[in-house]
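Architecture at a glance
The primary structure of each chain is shown beneath.
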2 protein chains.
Amino acid sequence: MSPICFEFFFQITLSELKKSLFLLDKHIENMFSKACEYAIRATIFIAKESMKGKRSNLTEISKAITSPIAFTAKILQTLVKHKIIFSIKGARGGFEMLPQTINTLSLKHLVVVIDDDYSTTACIIGLNKCSSENPCPLHEQYESIRTDLSKMLEETKIIQLIEKESFKIGNHLF
Amino acid sequence: MSPICFEFFFQITLSELKKSLFLLDKHIENMFSKACEYAIRATIFIAKESMKGKRSNLTEISKAITSPIAFTAKILQTLVKHKIIFSIKGARGGFEMLPQTINTLSLKHLVVVIDDDYSTTACIIGLNKCSSENPCPLHEQYESIRTDLSKMLEETKIIQLIEKESFKIGNHLF
DNA sequence: AATAAATGGGACAAACTTGTCCGATAAAAA
DNA sequence: TTTTTATCGGACAAGTTTGTCCCATTTATT
Ligand code: FES
Ligand code: FES
C-alpha cells in the first residue's frame, strides 16, 4: 500500500487531526479578530523600536510578535495605507512610526482601520436597533460594560502601552 | 445576449452586490456569534411560551426571533442535546422548557453550550497566558471589563430576562 | 391504515477570516 | 551595472461560521 493510497483512505484536514489529538484549543470568545491582535502587537513593537531610532523589518516583527509572516505583511500594508506607520522599500528598508502618531493613536483607531468598523451601539443579542427607549432584556446589564470597553479603547493610546514594564510575547521581551 | 451570457460576464457574489449597493452592514464587532444570538433569542421565546403553558414549534420560533429557519433548527437540536429545552416530535410537536431550567439557566451556560467554550482568561492581544504576574500592556485596563462581563453572563438567569417589560425583536412583541 | 405535521440529522453550499505563494517593484550594496 | 534585500500586491488556498436542502423518523389526526 503506497503512501498515496494511505492518504486516500484517511483523508482528514490538518485541523481535524490536531483537534482529535487535543493540540488545538477549542473556540474561545475573543475580543479582537486575529488581524487586530497582530496589528496591535506589531504596532507596539514598531513604536518601541521607533522610539529607539530603530527601523523594523517584516521578518523581525513577525518573529517578535509570533505571527504568520505573510499575513502580517498584509496587515502592515493596511497600516501603511492608513498612515499609522510608514514604510521604506528596498534593502535596509522596513517600517517606522512617527512620534506624533505614537503619542496620539488610540486602540480604537487601530481596530477601526483593520476591521473596517467598530460598533459601540450594537445590541448584544442582535436587535435591529439598540436603544434605552426600546431596550432588549439584556440592555440594562450590558450597557455599562459596553461603555467601559468603548471608553477604554478610545482613551488608551499607543504611548501608554509602550511605557509599561517589559513583558514577553512569544520569544521577544518587549 | 442570453441571460446565461450576462451572468458569465458579471459573475459576482450576492454579498458583493449588496455591499456595493450599501445594503450590507460592514463588519461589526459583536459580543456573541450569530449562533449564540439566535440561541439566546430562541431560549427567551420558548421560556416565555412555556410559562404560559404553550409549546413552540420551529416555524413560530424562527419567525418570532427573525432567524434563518434551518440554521435555527440546528441550534435548537444542540439545546435539546444539552437538555436546556426538550422536544416533542410529530404532529403538534415542538419545543418546551422546564420551569426549573428557566429559573436556573445562566446566559453563560447557554454560550458555553453553543460555542463549545467561553474563556474568561484569554489575553486581549493574544498572549499565550494572561496573568497579573506577567501582564501585557493592556492587561490592567482590560481585566475589570472582562470580569464585569463574565460576572454578568454568570449571574444573569433566563428568568430575569423574561420578567422584563415587553420589547420587540423583528415582528414579535416579547 | 393512510396522511399530515412536526423534529432529527447528514451532506452540502456560501461567505468570511486566516493564511500562503509568487512575481513586481524599489533601493542599497557590491 | 548587477546583485541582494526589502516592501507591494494580486491570486489562491485552508479553515471556520453561517446557512440550505432533503429525507428519515415520529406522532397526531382523519
Ligand atoms: S437593545 Fe440589546 S443591548 Fe441595547
Ligand atoms: S495578559 Fe493580556 S489581557 Fe491579561
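The notes below deal with the structure included here. (Residues numbered from 1 in each chain as written. Chains lettered and ligands numbered in written order. Predicted model: local features only at pLDDT ≥ 70, side-chain atom pairs only at ≥ 80, totals over all residues. Heavy atoms only, no water.)

Describing the overall build of chain A
The line we're drawing: Secondary structure follows DSSP: runs of H or I at least 4 residues long count as helices, runs of E at least 2 residues long count as strands, and numbering of each begins at the N terminus. Classification of residues uses two cut-offs on accessible area relative to the type maximum, computed with a 1.4 Å probe and protein chains only: under 20% is buried, over 50% is exposed, and between them is partly exposed. Residue contacts are defined here by distance: any two heavy atoms, one from each residue, within 4.5 Å place the two residues in contact. Where accessible areas are quoted, they stem from the Shrake-Rupley method and a 1.4 Å probe; at the residue level, only the protein chains shown are allowed to cover.
Secondary structure summary: chain A contains nine helices and four strands in total. Overall, chain A shows an N-to-C arrangement of helices and strands of α-α-α-α-α-β-β-α-α-α-α-β-β. When each of the 174 residues of chain A is scored for burial, the buried share is 43%. Pairs at least 24 apart in sequence give 61% of the contacts found in chain A among residues at least 6 apart. Entry remark: accessible area of chain A is about 10200 Å², with carbon and sulfur atoms responsible for 55%.

Remarks on the relation of the copies chain B and chain A
Defined as follows: In superposing the copies, a least-squares fit is computed on C-alpha atoms, taking residues whose pLDDT is at least 70 in both.
Overlaying chain B with chain A gives an RMSD of 0.0 Å, the required rotation being 180° about an axis along which the chain moves by 0.0 Å. Taken together, the rotation and translation describe the operation of a two-fold axis. By C-alpha distance to the rotation axis, the residue of chain B lying nearest is Ile145 of chain B, at 3.2 Å. Counting the interface residues of chain B, we find that 100% of their copies in chain A are interface residues as well, pointing to one common contact surface.

Digging into the packing of helix α5 (residues 69-81) of chain B against helix α7 (residues 107-115) of chain B
All names here are of chain B. Spelled out, the test is: A fitted line through C-alpha atoms represents every axis, and for helices the fit uses only the stretch in contact; the resulting angles, taken between N-to-C directions, go from 0 to 180 degrees. Throughout this description, any angle smaller than 35 degrees is read as roughly parallel, any larger than 145 degrees as roughly antiparallel, any in the 65 to 115 degree range as roughly perpendicular, and the remainder as oblique. Helix crossings get a hand from a simple test, with the near helix turned counterclockwise from the far one by less than a right angle marking a left-handed crossing and a clockwise turn marking a right-handed one. Polar here means any residue outside two lists: the nonpolar Ala, Val, Leu, Ile, Met, Phe, Trp, Tyr, Cys and Pro, and the charged Asp, Glu, Lys and Arg; Gly therefore counts as polar.
The geometry of α5 relative to α7 is characterised by a closest axis approach of 10 Å and an angle of 115° between their N-to-C directions. By the angle class used here, α5 and α7 are roughly perpendicular. Judged by the sense of rotation from one axis to the other, the crossing of α5 with α7 is right-handed. Residues Ile75, Thr78 and Leu79 of α5 lie in contact with α7, whose contacting residues are Leu110, Val113 and Ile114. Looking at the contact of α5 with α7 residue by residue, the classes come out as five nonpolar, one polar and no charged.

Points about the interface of chain B and chain A
Heads up, the rule is: As used here, buried area is the combined drop in accessible area, with a 1.4 Å probe, of two parts when they are placed together. A carboxyl oxygen of Asp or Glu within 4 Å of a side-chain nitrogen of Lys or Arg is what we treat as a salt bridge. N or O atoms within 3.5 Å of each other form a polar contact, as long as, within protein, one can give a hydrogen and the other can take it, and as long as residues adjacent in sequence are counted only when both atoms are side-chain atoms.
Counting from both sides, the interface comprises 43 residues of chain B and, opposite them, 43 residues of chain A. For the chain B and chain A pair, buried surface summed over both sides reaches about 3900 Å², with 64% attributable to carbon and sulfur atoms. The interface formed by chain B and chain A holds zero salt bridges in total. Inspection of the chain B/chain A interface yields two residue pairs in polar contact (both at pLDDT 80 or more).

Here we look at the packing of aromatic side chains
All names here are of chain A. Quick reminder of the rule: Only the six-membered ring of Trp is used, alongside the rings of Phe and Tyr, when aromatic pairs are assigned; centres must lie within 6.5 Å, and planes under 30 degrees apart are stacked while those over 60 apart are edge-to-face, with the rest tilted.
Here the structure, examined in full by the defined rule, presents two aromatic pairs over all chains. Ring geometry for Tyr38 and Phe71: centres 5.9 Å apart, planes at 85°, overall edge-to-face. A residue pair is termed long-range when its members are at least 10 positions apart, and Tyr38 in helix α3 (residues 34-51) and Phe71 in helix α5 (residues 69-81) qualify at 33 residues. Relative accessible area serves as the criterion here: at 38%, Phe71 is assigned to the partly exposed category.

Structural notes on the side chain of Glu96 of chain A
All names here are of chain A. Within the secondary structure, Glu96 is located in strand β2 (residues 94-96). For Glu96, the side chain forms a polar contact with the side chain of Arg55, separated by 2.6 Å. Not counting residues up to four positions away in its chain, the partners in contact with Glu96 are Ile46, Ser50, Lys54, Arg55, Ile85, Phe86 and Ile88.

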